[in-house]
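The residues making up each chain are set out below.
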Amino acid sequence: VMTDMFEAHPDLLARCLKGIRFGSVNATALRVFHASTAEELRNNIPDLFTEATTNAFREFFVRLWHGVTTYEAETTFRTLDGESRIGKVHCVLTTATSDDWSHALVVLADVTESRHATEELARAKRLDTAGRLAGQIAHDFNNLLGPLVAYPEILQAKIPDEGRAHEMLRDMQDAALQIAEIN
């Protein structure tokens, strides 16, 4: 019902978001949002929201409507100078009843660096796996080339020096040596 209401009346969500007020702002919040003062942060709340932030709060409001008083999500937000960051948001309704939405505790943990480090580690693991696979393929390929290089020489020693077969064995050996150089 509430989701339909927000879709039918997008201004309702905007009004709900404008009603958000910070009760207390600590030094970490000022650093995370690149704000000089708590007042500067309080006066610029709408500038912090991205579409993902708006969606996270929409989901929290919908859950409140259904009587669920806690919510946790990962979302993006902006600093006051426009930098995009990734945050883990925890919302808890702190009033006595789920009908009173006047006070909620919202904790935002900036996980941008952690997320980037995790992505970089995953990328490094993928590259390491690709490198190991390429090394194994090269090793297997060299094992397959060994007979193609050696056998023509052995066969050339066993057949007369003249004739097409000798020439074909030389061509086969030359091709195998060229492939070995590529690998």
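Structural notes, computed from the coordinates. (Residues numbered from 1 in each chain as written. Predicted model: local features only at pLDDT ≥ 70, side-chain atom pairs only at ≥ 80, totals over all residues. Heavy atoms only, no water.)

1. Overview of the sheet that holds strand 1 (residues 70-78)
So, step 1. With respect to topology, three strands assemble into an open sheet ordered 1-2-3, the strand pairing being antiparallel. Each edge of the sheet is formed by a strand with only one pairing partner; in this case those strands are strand 1 and strand 3 (104-110). For this sheet, the mean inter-axis angle between neighbouring strands, taken without regard to orientation, is 25°.
So, step 2. When strand 1 meets strand 2 (residues 84-93), the two strands line up antiparallel, connected through nine bridges. Note that in strand 2 the partner of Ala73 across the bridge is Val89.
So, step 3. In the packing of helix 6 (residues 51-65) onto the sheet, contacts are made with strand 1, strand 2 and strand 3, and the angle to strand 1 comes to roughly 165°.
So, step 4. Sheet contacts for helix 7 (residues 112-158): strand 1, strand 2 and strand 3; angle to strand 2, the most-contacted strand, approximately 120°. (Pairing = 2+ DSSP bridges. Helix = DSSP H or I, 4+ residues; strand = E, 2+ residues; numbered from the N terminus. Axes fitted to C-alpha atoms, helices over the stretch in contact; angles between N-to-C directions. Contact = heavy atoms within 4.5 Å.)

2. A word on the packing of aromatic side chains
So, step 1. Scanning all chains against the criterion turns up six aromatic pairs.
So, step 2. Between the aromatic rings of Phe6 and Phe61, the centroid separation amounts to 6.3 Å while the plane-to-plane angle is 50°, which identifies the pairing as tilted. Of this pair, Phe6 sits in helix 1 (residues 2-8) while Phe61 sits in helix 6; the two residues are 55 residues apart in sequence, bridging distant segments of the chain. Each of the two residues, Phe6 as well as Phe61, counts as buried.
So, step 3. The interplanar angle of 40° and the centroid separation of 6.5 Å between the aromatic rings of Phe57 and Phe61 together place this pair among those described as tilted. With Phe57 and Phe61 both in helix 6 and four residues apart, this pair spans about one turn of that helix. Like Phe61, Phe57 is buried.
So, step 4. The structure contains a cluster of three or more aromatic residues connected by ring pairs, namely Phe6, Phe49, Phe57, Phe60, Phe61 and Tyr71. (Phe/Tyr/Trp six-rings, centres within 6.5 Å; stacked < 30°, edge-to-face > 60°. Buried < 20%, exposed > 50% of the residue type's maximum accessible area, 1.4 Å probe, protein only.)

3. Describing the packing of helix 7 against helix 8 (residues 164-182)
So, step 1. At a minimum axis separation of 9 Å, helix 7 and helix 8 run at an interaxial angle of 155°. Taken together, the axes of helix 7 and helix 8 lie roughly antiparallel to each other. In this structure, the crossing between helix 7 and helix 8 has a hand that is left-handed. Two secondary-structure elements touch here, helix 7 through Phe141, Leu145, Leu148, Val149, Pro152, Glu153, Leu155 and Gln156 and helix 8 through His166, Leu169, Arg170, Met172, Gln173, Ala176, Leu177, Ile179 and Ala180.
So, step 2. Considering only residue class, the contact of helix 7 with helix 8 consists of twelve nonpolar, three polar and two charged. (Parallel < 35°, antiparallel > 145°, perpendicular 65-115°, else oblique. Left-handed = near helix turned anticlockwise from the far one by under 90°. Nonpolar A, V, L, I, M, F, W, Y, C, P; charged D, E, K, R; others polar.)

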